[in-house]
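# Architecture at a glance
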Amino acid sequence: MSSLLAAAVLTTAGLLPVPLPSPLSPGEPTPPAHSSPEQPVLTGVLDAPDGRLKRGCKDYHYAYAVTTPSSDWTFDITMQDRAGKGVNAQSLIGPNDPTSGVLEFRLCRWATKPGMFALKGQLVSYDGSQEASVTVTEAFRMRKRNP
């Protein structure tokens, strides 16, 4: 009998109207539509220009930038060639590494096939027991050097 009564109470509770907030007094400011605290900003950027593979083994560059609510963060960056083979990986750790800069990587023309390359970065920000992450991708093309 008590479960039947509980079911009736739950059913009736769903049918009752929700009380509306009381109207504001004439000089009282209107409360903001969203009064929830603002989410901290967490962004990462990777920027690699298209380029040409030079003779021998040469250094190339790409830029990065991170914005985190905390100085405790990691940014793990991997690079893959057109076949999906990993050709470079780097990890940045805040506060030891700057939040923006230019990183270099080395490619050897004899071992690298021209085509599209993909950069993928996983940015994680740590704030006490809170953890937030975002994934960033960038694509760039490496062409053969002109003869």
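### Details of the environment of Gln 90
With respect to the helices and strands, Gln 90 occurs in strand 5 (residues 86–94). Judged by its relative accessible area of 19%, Gln 90 is buried. Taking the C-alpha atoms as reference points, Gln 90 and Leu 103, separated by 13 residues in sequence, lie 8.7 Å from one another. Once residues within four sequence positions are removed from consideration, Gln 90 is found in contact with Tyr 62, Phe 75, Asp 76, Ile 77, Leu 103, Glu 104 and Phe 105.

### Notes on the state of the cysteines
Scanning the model with the defined rule gives one disulfide in all. Two residues share a disulfide in this structure: Cys 57 and Cys 108, whose sulfurs sit 1.9 Å from each other. Disulfide Cys 57-Cys 108: torsion about the S-S bond near 110 degrees, hence right-handed. Note that Cys 57 is positioned in strand 3 (residues 57–67) and Cys 108 in strand 6 (residues 100–108), a separation of 51 residues in sequence. The class of Cys 108 is buried, set by a relative accessible area of 17%.

About the criteria used
- Residues numbered from 1 in each chain as written.
- Predicted model: local features only at pLDDT ≥ 70, side-chain atom pairs only at ≥ 80, totals over all residues.
- Heavy atoms only, no water.
- Helix = DSSP H or I, 4+ residues; strand = E, 2+ residues; numbered from the N terminus.
- Buried < 20%, exposed > 50% of the residue type's maximum accessible area, 1.4 Å probe, protein only.
- Contact = heavy atoms within 4.5 Å.
- Disulfide = S-S within 2.5 Å.

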